[in-house]
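# Coordinate inspection notes
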Amino acid sequence: MHTSIDVFAKARQHERLEQLRAARELDALPYFRVLEGPTLPVVEMEGQQRIMLGSNNYLGLTGDERVKQGALEALNRYGTGLTGSRFLNGTIGLHLELERELAEWMDAEAALVFTTGHQANLGALGTILAPGDTVVADSGDHASILDGCILSRAKLRPFRHNRVDRLERTLEKAAADGGGILVVVDGVFSMEGDVAPLPEIVELCRKFGARLMVDEAHALGVLGRRGAGTAELFGLEDQVDLRMATFSKSLASCGGVIAGPADVIEFLRIQSRPFMFTASAVPAATGAALAAVRICRSDEGRQLFAKVLDNARYLHRGLSELGFQVVEPTRLADGTEVVTPVVPVVVGDDWKAVFLWKALYEAGVYVNVAIHPAVPPSGALLRTSVMATHDRDTLDLALERFAAVQAAFEAEHGPLPGRS
Ligand SMILES: Cc1ncc(COP(=O)(O)O)c(C=O)c1O
């Protein structure tokens, strides 16, 4: 029998096709723009210098000579690639040093280095969870968490973003499912830059006997006195069972890590398919990450963590004073405000966000655009983010450009949120 269904049909008829065509025609596609040099506070992009307010290079270490040297030494010693999995021929001394240093920094018994952060989430969730277990995930969790949950075939029970009351109700249902329970949340949520209420989450996990995993991708190298992330910020490192982080943000490289109890990490080392069945990272990536970890753990680290958060406060204030609606930093139950390097400007409508992005891009400022499904429907954002290495003149120039774009944009497209 001959099927009449072509598996390529979805590539040729999907719902975004028309939107993409229209955006391309208007040269307003915010994606796949081409960098022509390093990711620094000001970048060379498509023939023009643009202020980079759209990277995850929070500490600005991608251009640091010591980090580059770490990459170069690894390249010179081990060559361009390892051509094999960590499990077989792809482990070098740098992986072991990095695992030791990350475990120490994150105050965990052990750590396991993966090729990417995405694989770290897949590899941990897909291995720790099994059919019969239940995974309870915040609806704002990163896509790689969702992918790990799907891979595991555990029952997925999402709860409304950062709503502890919803988490409690979901845990009640999860307890009745009859299997083990893992709660998994981002420490800092990637799009809005808000922070998970870990003390309340830890308490509920205890009440229901659930394990807790926190994705520290946007928090490692930023939050806490040692920069070890949200668990450290809240003083809960011994209460969070597993922590994931990536090297692709503050650590100026590429790769991922899971930190936790030694026996669980050992289990992942010999069972986790996304760890075992992929080539290990190129030595330069591991060498760079190790050098970045060492900077974070030195006294200089503290200065960098303070600087990036100071820059975030400055940009937040500047954009708010211009009248943009900027997502407010998370306020904890005790009233403290937690600032993160992510400073999102709310736009609402997808097309408005794309046109505002284009106006800024043409004015020499690069930001990221988040539209549905990266954010809830009608929740389009311009996700701006800062580095510790942005100086005040550069941030002031970016703010001037936001101001210049704003008036012309609103005259053409109507008021932005917060200005009607
Ligand atoms: C919260 C979060 N988790 C995981 C990842 C995946 O990390 P990587 O990009 O290193 O694969 C990201 C990256 O965007 C992220 O933002």
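On a predicted model such as this, the values are computed, not experimentally measured, just so you know.

## Examining the overall build of the chain
Within the chain, the regular secondary structure consists of 15 helices and 15 strands. Taken over the C-alpha trace, the chain has a radius of gyration of 22 Å; the compact-globule value for 420 residues is 22 Å, and the two agree within 12%. A principal-axis box enclosing the C-alpha atoms of the chain has dimensions of 65 × 60 × 50 Å. When the 420 residues of the chain are sorted by exposure, 53% land in the buried category. Contacts spanning at least 24 positions in sequence make up 70% of the contacts within the chain whose residues lie at least 6 apart. Accessible surface, the chain as shown: approximately 18,800 Å² in total, 54% of it carbon and sulfur.

## Points about the packing of helix α4 (residues 93-105) against helix α12 (residues 283-297)
Direction vectors running N to C along α4 and α12 enclose 30°, while the axes themselves pass 10 Å from each other. Considering their axes alone, α4 and α12 lie roughly parallel with respect to each other. In the packing of α4 onto α12, the handedness of the crossing is left-handed. Where α4 abuts α12, its residues L94, H95, E97, L98, E101, L102, E104 and W105 lie against P283, T286, G287, A289, L290, V293, R294, C296 and R297. For the contact of α4 with α12, the residue count by class is nine nonpolar, three polar and five charged.

## Quick look at the site of the ligand
Lining the immediate environment of the ligand, one finds 16 residues, of which H118, D215, H218, T246 and K249 sit closest. Between the ligand and the protein, one listed contact pairs an oxygen atom with a side-chain N or O atom of H142 at 3.3 Å. Coverage of the ligand by the protein amounts to 83% of the 390 Å² it exposes when considered alone. Contributing elements (two or more residues each) for the shell around the ligand: α5 (117-128) and β8 (242-246). Here the shell around the ligand gets three residues from one element, more than from any other, and that element is α5. Considering only residue class, the shell around the ligand consists of two nonpolar, eleven polar and three charged.

## Some points on the nonpolar core
Residues L53, L102, V183 and L382 are the most contacted members of the largest nonpolar core, which totals 104 residues. For this core, the element with the highest residue contribution is α12, accounting for eight residues. Ignoring anything within four residues of it in the chain, the contact list for L102 reads A111, V113, L220, F247, V257 and V293. Membership of the second largest hydrophobic core comes to 22 residues, among which are A137, L182, M213 and M276.

## Considerations on the pairing of strand β7 (residues 211-215)
Within β7, four of the five residues are buried, which leaves it mostly tucked inside the rest of the structure. Across five bridges, strand β6 (residues 181-186) lies against β7 in parallel orientation. Residue pairing in the sheet places V185 in a bridge with V214 of β7. Note that the unit made of β6, helix α8 (residues 198-208) and β7 has a crossover that is right-handed.

## Considering the pattern of salt bridges
For the structure shown, the criterion picks out 26 salt bridges. When the shortest N-O distance is used, the salt bridge between K358 and E362 registers 2.8 Å. Of the two residues, K358 and E362 are both situated in helix α14 (residues 350-362); the distance of four residues between them amounts to about one turn of the helix. With relative accessibility at 17%, the residue K358 sits in the buried group. Linked by salt bridges that have partners in common, E97, E101, E104, R294 and R297 make up one network.

## Let's talk about the sheet that holds strand β15 (residues 380-385)
Spatial strand order, β12-β15-β14: three strands in an open sheet with antiparallel pairing. Two strands lie at the open edges of the sheet, namely β12 (342-348) and β14 (368-370), each paired on one side alone. Each strand axis lies, on average, 25° off the axis of its neighbour in the sheet, ignoring direction. Contacting β12 and β15, helix α13 (residues 299-321) crosses the sheet at an angle of about 25° to β12. Contacts from α14 reach β12, β14 and β15, with the element oriented near 35° to β15.

## Notes on unusual backbone geometry
A cis amide bond links H372 with the next residue in sequence, P373, at an omega value of 15°. With a phi close to 60°, N162 is a non-glycine residue in the positive phi region. Mapped onto the fold, N162 is located in the loop between β5 (155-159) and α7 (164-177). When its relative accessible area of 21% is taken as the criterion, N162 is described as partly exposed. We note that S378 has phi near 60°; this positive angle belongs to a residue other than glycine. By the secondary structure assignment, S378 is in the loop between β14 and β15.

## Re the sheet that holds strand β2 (residues 48-52)
The three strands lie next to each other as β1-β2-β13, forming an open sheet whose pairing is mixed. A single partner strand is all that each edge strand has here, and the edge strands are β1 (42-45) and β13 (365-366). In this structure, β1 lies alongside β2, joined through four bridges in antiparallel fashion. Paired with E44 across the two strands is Q49, which belongs to β2. With respect to the sheet, helix α15 (residues 392-413) is in contact with β1, β2 and β13, its orientation differing from that of β2 by roughly 100°.

Here is what the cut-offs are and how they apply
- Residues numbered from 1 in each chain as written.
- Predicted model: local features only at pLDDT ≥ 70, side-chain atom pairs only at ≥ 80, totals over all residues.
- Heavy atoms only, no water.
- Helix = DSSP H or I, 4+ residues; strand = E, 2+ residues; numbered from the N terminus.
- Rg over C-alpha atoms; globule rule 2.2 N^0.38 Å.
- Buried < 20%, exposed > 50% of the residue type's maximum accessible area, 1.4 Å probe, protein only.
- Contact = heavy atoms within 4.5 Å.
- Areas by Shrake-Rupley, 256 points an atom, 1.4 Å probe, with all protein chains shown as cover.
- Axes fitted to C-alpha atoms, helices over the stretch in contact; angles between N-to-C directions.
- Parallel < 35°, antiparallel > 145°, perpendicular 65-115°, else oblique.
- Left-handed = near helix turned anticlockwise from the far one by under 90°.
- Nonpolar A, V, L, I, M, F, W, Y, C, P; charged D, E, K, R; others polar.
- Near = heavy atom within 4 Å.
- Polar contact = N/O pair within 3.5 Å; in protein donor to acceptor, adjacent residues only side chain to side chain.
- Core = buried A, V, L, I, M, F, W, Y, C linked by side-chain atoms within 4.5 Å.
- Pairing = 2+ DSSP bridges.
- Right-handed = clockwise from strand over helix to strand, strands pointing away.
- Salt bridge = Lys/Arg side-chain N within 4 Å of Asp/Glu carboxyl O.

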